[in-house]
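Overview (structure and organization)
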Amino acid sequence: MEALGAKFVYLASLVGFDPDTVTAYGPRVLNGLGVTVLIVALSMPIGGLIACPLAMARMSDNKILSNLAAGYIYFFRGTPLLAQLFLIYVGLGNLFGAYRGFLADIGLWSILREGFYYVIFAFALNTSAYQAEILRGGIQSVPKGQSEAGEALGLHGGQIFRKIVLPQALIVSLRPYGNELILMIKASSLASLVTVFDVMGATKFAFSRTYNLEVYLWAAIIYLVMVELIRRLWDALEHRMTRHLRHEPIKAKPATAPKEAVPA
């Protein structure tokens, strides 16, 4: 990280940013970048683990399960992430604060008092609702004939889903998943509102000390670079996963007429 900080200071100085501000607060902003990456890297897969059973419940014939999943998705997609973050951070924080002594005795208070873990929890719940709908749409896009073909081959339901339906659904869902990842990267800036020093938190700290607006330009550039890297990565991943769709079908060789037998 120190080497990266030195490069950041050098590049920022070349661009024309104030060298004193860059030297003093550039490393802090880069440390915030690590926190931002960690927030997204944890909340996305945790949300994905929640999204899988949630999507299955949403498509279930059981009305109770389907309605509960629909209500969960409706709430987290229909309310602002900022409101969800404060509900979890303030609500759970006050609840756990009432049992602070007990939690301290069992060694959990040192964790539950940190805003970082509330951010992960709130972001994971939020993205799970979006990922569930993405996955549901991908599964429903697979023609029923694919499942029927699997049954004809003697595969049971789990094998059909795992080997036939899910791979095709993931290809369809790949681009929406990339969009959700980009949205989560940009939404991670909300973590600074609950005392988490991510990129935006470190930027706000630097501005409060210097009143130099260029620090917000640093943050904008960092987010722009992250989004561009994800976009390029997703393009390469999509290109690889759909390579079989770009291959021309093998043309059958024309049949040749049998040679006539030569009379002896």
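So, here is what we can say about the structure in this document. (Residues numbered from 1 in each chain as written. Predicted model: local features only at pLDDT ≥ 70, side-chain atom pairs only at ≥ 80, totals over all residues. Heavy atoms only, no water.)

Our next topic: the overall build of the protein. The helix and strand inventory of the protein stands at 12 helices and zero strands. Going from N to C terminus, the protein has its helices and strands arranged as α-α-α-α-α-α-α-α-α-α-α-α. Considering the protein as a whole, with its 264 residues, one finds that 37% of them fall into the buried category. Of the contacts made within the protein by residues no fewer than 6 positions apart, 74% connect residues no fewer than 24 positions apart. With the model as given, the accessible surface of the protein reaches about 16,300 Å², and the carbon-plus-sulfur share is 66%. (Helix = DSSP H or I, 4+ residues; strand = E, 2+ residues; numbered from the N terminus. Buried < 20%, exposed > 50% of the residue type's maximum accessible area, 1.4 Å probe, protein only. Contact = heavy atoms within 4.5 Å. Areas by Shrake-Rupley, 256 points an atom, 1.4 Å probe, with all protein chains shown as cover.)

Before going further, it helps to examine the side chain of Ser66. Summarising the element assignment, Ser66 is placed in helix α3 (residues 63-78). Taking relative accessible area as the criterion, Ser66 reaches 11% and is therefore assigned buried.

Quick look at the environment of Met44 now. Structurally, the position occupied by Met44 is in helix α2 (residues 19-58). For Met44, a relative accessible area of 12% corresponds to the buried category. Measuring from C-alpha to C-alpha, the distance between Met44 and Met184 comes to 8.1 Å, with 140 residues separating the pair along the chain. The contacts of Met44, once residues within four sequence positions are left out, are Thr127, Gln131, Glu180, Leu181 and Met184.

Between α3 and helix α7 (residues 115-141), the least distance of the axes is 9 Å, while the angle of their chain directions is 115°. The handedness of the crossing between α3 and α7 comes out as left-handed. The segment α3 lies against α7, with Tyr72, Ile73, Phe76 and Arg77 engaging Leu125, Asn126, Ser128, Ala129, Tyr130, Ala132 and Glu133. When the residues that make up the contact of α3 with α7 are grouped by side-chain class, the tally is seven nonpolar, two polar and two charged. (Axes fitted to C-alpha atoms, helices over the stretch in contact; angles between N-to-C directions. Left-handed = near helix turned anticlockwise from the far one by under 90°. Nonpolar A, V, L, I, M, F, W, Y, C, P; charged D, E, K, R; others polar.)

Right, let's get into helix α11 (residues 214-241). Over its 28 residues, α11 runs 41 Å from end to end, which matches the ideal 40 Å to within 8%, given 1.5 Å per residue. For α11, every residue scored as buried is listed here: Glu214, Val215, Trp218, Ala219, Ile222, Tyr223, Met226, Val227, Ile230 and Trp234. (Expected span 1.5 Å × (residues − 1).)

Summed over all chains, the structure comprises seven salt bridges. Between Glu238 and Arg175 there is a salt bridge, with the nearest N and O atoms lying 2.4 Å from each other. Remark: Arg175 occurs in helix α9 (residues 157-187) and Glu238 occurs in helix α11; sequence separation between them is 63 residues. In this structure Glu238 comes out as partly exposed when scored by relative accessible area, which is 26%. Take Arg175: its relative accessible area is 28%, and that puts it in the partly exposed class. Notably, a salt bridge pairs Glu228 with Arg232, separated by 3.0 Å at the nearest N-O pair. Pair noted here: Glu228 and Arg232 are both in helix α11, with a separation of four residues, about one helical turn. (Salt bridge = Lys/Arg side-chain N within 4 Å of Asp/Glu carboxyl O.)

Looking now at unusual backbone geometry. Unusually for a residue other than glycine, Thr195 sits at a positive phi of about 65°. With respect to the helices, strands and loops of the structure, Thr195 is situated in the loop between α9 and α10 (199-210). Positioned with a positive phi, Tyr211 is a non-glycine residue whose angle comes to about 55°. Turning to its location among the elements, Tyr211 is positioned in the loop between α10 and α11.

In this section: the nonpolar core. Counting 59 residues, the largest nonpolar core has Ile39, Val119, Phe123, Val196, Trp218 and Tyr223 as the members making the most contacts within it. Listed by contribution, the elements that provide at least two residues to this core are α2, α3, α4 (81-98), α7, α9, α10 and α11. With residues up to four places along the chain from it excluded, the contact list for Tyr223 reads Thr36, Ile185, Ser188, Ser189, Asp198, Val199 and Met200. (Core = buried A, V, L, I, M, F, W, Y, C linked by side-chain atoms within 4.5 Å.)

Now for the packing of α9 against α11. Across the interface, α9 lies against α11 with an axial gap of 10 Å and an inter-helix angle of 170°. Relative to α11, α9 is oriented roughly antiparallel. For the pair α9 and α11, contact is made by Ile171, Leu174, Arg175, Tyr177, Gly178, Leu181, Ile182, Ile185 and Lys186 and by Tyr223, Met226, Val227, Ile230, Trp234, Asp235, Leu237, Glu238 and Met241, respectively. (Parallel < 35°, antiparallel > 145°, perpendicular 65-115°, else oblique.)

A grouping of Phe102, Ile106, Leu108, Ile111 and Tyr117 is seen on the molecular surface, where their side chains present a nonpolar patch of about 470 Å² in accessible area. For Phe102, a relative accessible area of 54% puts it in the exposed group. (Patch = residues over 30% accessible without salt bridge, like charges linked within 9 Å, V, L, I, M, F, W, Y side chains within 5 Å.)

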